[in-house]
Amino acid sequence: MSRKQREDIKNKLGLPTIAASADRTLEQIRAGFAAFMKTMHIPLGTQISSTTLGERKALLVEKKQDKRDGIILYFHGGSFLMGSPETAMSLTASLVLRTGIKAISLDYRLAPEHPFPAAIEDGTAAYRELLKQGISPESIVFAGDSAGGGLCITTCLKARSEQLPLPAAIVTFSAGLDATRTGASIDTKHGIDPYFTREGFRSSGSMYLG
């Protein structure tokens, strides 16, 4: 990837470019991320409706035909600072189409307004409500991308600590699992990855932890 391509991606994501003289606000970054994710292709063949789960807004995504039993509890990505069920819809709808299983994508609370452990509490509350509705844990799958992938794991840990039965499976896409940021790739990919940098992780991590 060329330098210009990296700068173009940063610009589309609402991140500061080398030419920028001032840092963007969090709201600008959120808006840039939402606009960028809106360009992702959402496949046809699903129907999307608004719902609530665990006292949080959510989107219900169902396949129009050839439905299968079960439910996917989906957690979107965005470093726990940005994103929404809408920004993850390309992945969510694709997963529903491929499996035939409906998904509920949760609009969990974001930092820094709602730092750790708000997102985990929301994920656990949503899962707890599914169980209270009489849905068998053997028919529930957690799925998520990036921070949402990490939330799949931490929600399971929280559920286990509350002695709740665990879901049947977890599906993650590029899950954010190492909050210590000690993996070698953070250095080996320095200057190559247009989005994930040590400085960016330090900033997002401090906001998430409050």
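Presented here is a report on the structure given in the accompanying data block.

1. Considerations on the pairing of strand β3 (residues 68-75)
Here is step 1 of the chain: As defined by bridge partners, β3 adjoins strand β4 (residues 101-106) across six bridges and the pair is classed as parallel. Opposite R68, over in β4, you have I101 as the bridge partner.
Here is step 2 of the chain: In this fold, the crossover linking β3 to β4 by way of helix α3 (residues 89-99) has right-handed handedness.
Here is step 3 of the chain: Bridge analysis of β3 against strand β5 (residues 140-145) gives five bridges, and the strand direction is parallel. Counterpart to I71 in the pairing with β5 is I140.

2. Let's talk about the packing of helix α4 (residues 118-132) against helix α5 (residues 147-161)
Here is step 1 of the chain: Closest axis-to-axis distance for the α4/α5 pair is 9 Å, and the angle between their directions is 65°. One finds that α4 runs roughly perpendicular with respect to α5. For the crossing formed where α4 meets α5, the hand is right-handed. Residues A119, I120, G123, T124 and Y127 of α4 pack against L151, T154, T155, K158 and A159 of α5.
Here is step 2 of the chain: Taken together, the residues of the contact of α4 with α5 sort by class into five nonpolar, four polar and one charged.

3. Brief notes about the sheet that holds strand β2 (residues 56-63)
Here is step 1 of the chain: The strand order β1-β2-β4-β3-β5-β6 describes an open sheet built from six strands, whose pairing is mixed. Pairing within the sheet leaves two strands with one partner each, and these edge strands are β1 (46-53) and β6 (169-173). With strand direction ignored, the average angle separating the axes of adjacent strands in the sheet is 25°.
Here is step 2 of the chain: Taken together, the four bridges between β2 and β4 define a ladder with antiparallel strand orientation.

4. Comments concerning the pattern of salt bridges
Here is step 1 of the chain: Tallied over the entire structure, the rule returns nine salt bridges.
Here is step 2 of the chain: Note that R30 and E113 form a salt bridge whose closest N and O atoms lie 2.9 Å from each other. One end of the pair, R30, is in helix α2 (residues 26-37); the other, E113, is in the loop between β4 and α4, and 83 residues separate them in sequence.
Here is step 3 of the chain: You can call R30 buried: its relative accessible area is 15%.
Here is step 4 of the chain: The salt bridge partner of K158 is E162, with a shortest N-O separation of 3.6 Å.
Here is step 5 of the chain: Connected through shared salt-bridge partners, R56, R109, E121 and D122 make up one network.

5. A closer look at α2
Here is step 1 of the chain: The terminal C-alpha atoms of α2, which comprises twelve residues, lie 16 Å apart, in line with the 16 Å expected from a rise of 1.5 Å per residue.
Here is step 2 of the chain: Three or more residues of α2 are buried, namely I29, R30, G32, F33 and F36. Relative to the axis of α2, the buried residues are bounded by an arc of 165° and lie together on one face.

Calculation rules
- Residues numbered from 1 in each chain as written.
- Predicted model: local features only at pLDDT ≥ 70, side-chain atom pairs only at ≥ 80, totals over all residues.
- Heavy atoms only, no water.
- Pairing = 2+ DSSP bridges.
- Helix = DSSP H or I, 4+ residues; strand = E, 2+ residues; numbered from the N terminus.
- Right-handed = clockwise from strand over helix to strand, strands pointing away.
- Axes fitted to C-alpha atoms, helices over the stretch in contact; angles between N-to-C directions.
- Parallel < 35°, antiparallel > 145°, perpendicular 65-115°, else oblique.
- Left-handed = near helix turned anticlockwise from the far one by under 90°.
- Contact = heavy atoms within 4.5 Å.
- Nonpolar A, V, L, I, M, F, W, Y, C, P; charged D, E, K, R; others polar.
- Salt bridge = Lys/Arg side-chain N within 4 Å of Asp/Glu carboxyl O.
- Buried < 20%, exposed > 50% of the residue type's maximum accessible area, 1.4 Å probe, protein only.
- Expected span 1.5 Å × (residues − 1).
- Arc of directions from axis to C-beta.

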